[in-house]
Amino acid sequence: MSGWFLRGDFMSAIEELGQAQRTTVHEAERVLLVVVDDSDEMPIALHFACRRAEHADGRVALFYVPAKADFQHWMAVGDLMREEAREVGEEILQRHSAEIQKKTGKIPILYIREGDRSEELIKLMDEEPNISTLVLAAGTDTSGPGPIISYLIGKGARHVHVPITIVPGTMTVDEINAIT
């Protein structure tokens, strides 16, 4: 399995790959889940998860929810916007997948969902028993830790059944390497 999908339905390939990986993941293997977005701190969470997976003989999983295509005036335009957003997500996951393979030597598990990102994250963690840790990086600006962390420590807290590691978004790669 190469991990690269150049043609065909990428979503189907991701789902098939995820299903195959779920059936081969050992119960003892740690799966560290990282939410992929365009924030400045996301690469910090990803690096931390890779280092932990590498040292704990675990695997990294990536979770991505495309931005909502909120254009309901013409249905075809809304569908096209959703498709384009999904294609952007697929490209992002391919790029991060290659990085993770270099760092950990393992193919990451990939998840793409549509809907509210925080709610879909909770659903995924409920559905996937092999996810052992959610790794997030805290926002670095003054507006707060970030929308997912705010949701999870607020109304989403009662639905979380895995430990959450929050990495300070200001950490450097060298600082992460020193503690992992």
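Going by the structure above, here's the rest.
Residues numbered from 1 in each chain as written. Predicted model: local features only at pLDDT ≥ 70, side-chain atom pairs only at ≥ 80, totals over all residues. Heavy atoms only, no water.

> Whenever I open this one, the nonpolar core confuses me. Can you help?
In this structure, Val34, Val36, Leu46, Val60, Leu62, Val135 and Val167 are the most contacted members of the largest nonpolar core, which totals 24 residues. Breaking this core down by element, the ones donating at least two residues are strand E1 (31-35), helix H2 (42-55), strand E2 (59-64), helix H3 (75-104), strand E3 (109-112) and strand E4 (131-137). When near neighbours in sequence (up to four residues on either side) are disregarded, Leu46 contacts Val34, Val60, Leu62, His96, Glu99 and Ile100. Ranked by size, the runner-up nonpolar core spans 22 residues in total, among them Ile122, Leu124, Ile131 and Tyr151. (Core = buried A, V, L, I, M, F, W, Y, C linked by side-chain atoms within 4.5 Å. Buried < 20%, exposed > 50% of the residue type's maximum accessible area, 1.4 Å probe, protein only. Helix = DSSP H or I, 4+ residues; strand = E, 2+ residues; numbered from the N terminus. Contact = heavy atoms within 4.5 Å.)

> I keep staring at the pattern of salt bridges and nothing clicks. Help me out?
Side chains carrying opposite charge are able to pair once their charged atoms draw close together. A full pass over the atoms with the stated rule returns eight salt bridges. The partner of Asp57 in a salt bridge is Lys106, with the nearest N and O atoms 3.1 Å apart. With a gap of 49 residues between them, Asp57 in the loop between H2 and E2 and Lys106 in the loop between H3 and E3 connect regions that are remote in the sequence. Of the charged contacts, one joins Lys123 and Glu120 as a salt bridge, the two residues approaching to 3.3 Å between their closest N and O atoms. Of this pair, Lys123 and Glu120 both sit in helix H4 (residues 117-127), three residues apart, which is roughly one turn of the helix. Classification of Lys123 by relative accessible area gives partly exposed; the value is 42%. (Salt bridge = Lys/Arg side-chain N within 4 Å of Asp/Glu carboxyl O.)

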